[in-house]
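Residues per chain, in single letters:
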Amino acid sequence: MEIERKYLIEKRNLPQALEQYQCLFIEQAYLCTDPVVRIRQENDSYYLTYKGKGLMVREEYNLPLTAKAYHHLISKADDNKITKKRYRIPLSETDLTIELDVFLGCLSGLILAEVEFPDESTANTFTPPTWFGREVTYSGLYHNSHLCTLSAPPLSHL
């Protein structure tokens, strides 16, 4: 089960010295968007993911892939691909981590922060850091499975 909240971030509000945090280069492509079936490369790791319906709470299953299987499957994704840098920023005084996604390529300029939670109660009582922008958890427009179909960032992110 995935329980997460998602926020828009303005570039001018980014934390200082992002390079101090763990950074993953992510390429992901969608074999299907309803239901979501995604393949992802995170640095040197590869996964196939199934995601169920939902906005803040939804089923999620990850299966490891080999590099060969990933490269075979990516050719089936019909260019429904996104790339991004993901910074993993610990939230002080909690066990939570901010996953800050800085999109590349055609979605360049879009920055989203996601926080995953152990349960719905924690998610519902979460107070985001002051540098977070508008919450977009309940907008399917900011699901990566929708973003991969766009040729530019959504205008509403500005």
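Residues numbered from 1 in each chain as written. Predicted model: local features only at pLDDT ≥ 70, side-chain atom pairs only at ≥ 80, totals over all residues. Heavy atoms only, no water.

Here we come to the pairing of strand 1 (residues 2-8). Counting buried positions along strand 1 gives 7 out of 7 residues, so the element sits mostly inside the fold. Here strand 1 shows a buried face lined by E2, E4, K6 and L8 and a second buried face lined by I3, R5 and Y7. The sheet contact formed by strand 1 and strand 5 (residues 57-58) spans 2 bridges and is antiparallel. Considered in strand 5, the bridge of I3 is made with V57. Sheet analysis places strand 1 next to strand 9 (residues 111-116), joined by 5 bridges and oriented antiparallel. Paired with L8 across the bridge in strand 9 is L112. (Buried < 20%, exposed > 50% of the residue type's maximum accessible area, 1.4 Å probe, protein only. Helix = DSSP H or I, 4+ residues; strand = E, 2+ residues; numbered from the N terminus. Pairing = 2+ DSSP bridges.)

For the bond running from D34 to P35, omega is 0 degrees, close enough to zero to count as cis. Considering the arrangement of structural elements, one finds P35 in the loop between strand 2 (22-33) and strand 3 (36-42). At A17, a position not held by glycine, the phi torsion is positive, near 55 degrees. Assignment of secondary structure puts A17 in the loop between strand 1 and strand 2.

The biggest cluster of nonpolar side chains holds 20 residues, and the ones touching the most others in it are I9, I98, L100, V115 and F132. A per-element tally of this core places strand 9 first, with 3 residues. Those residues in contact with I9 that sit more than four places away from it in its chain are L14, L100, I111, L112, A113, W131, F132 and G133. Of all hydrophobic cores here, the second largest spans 12 residues; its members include Y30, I82, V136 and C148. (Core = buried A, V, L, I, M, F, W, Y, C linked by side-chain atoms within 4.5 Å. Contact = heavy atoms within 4.5 Å.)

Within this structure, the stated rule accounts for 14 salt bridges. The partner of E2 in a salt bridge is K51, and the shortest N-O contact between them spans 3.2 Å. Here E2, found in strand 1, pairs with K51, found in strand 4 (residues 45-51); they are 49 residues apart in sequence, far enough to count as distant. Residue E135 is joined to R5 by a salt bridge in which the shortest nitrogen-to-oxygen separation is 2.8 Å. With E135 in the loop between helix 2 (120-124) and helix 3 (144-147) and R5 in strand 1, the pair connects residues that are 130 residues apart, well separated along the chain. Three or more residues joined by partner-sharing salt bridges are found here, namely K6, K84, R86, R88, E99, D101 and E114. (Salt bridge = Lys/Arg side-chain N within 4 Å of Asp/Glu carboxyl O.)

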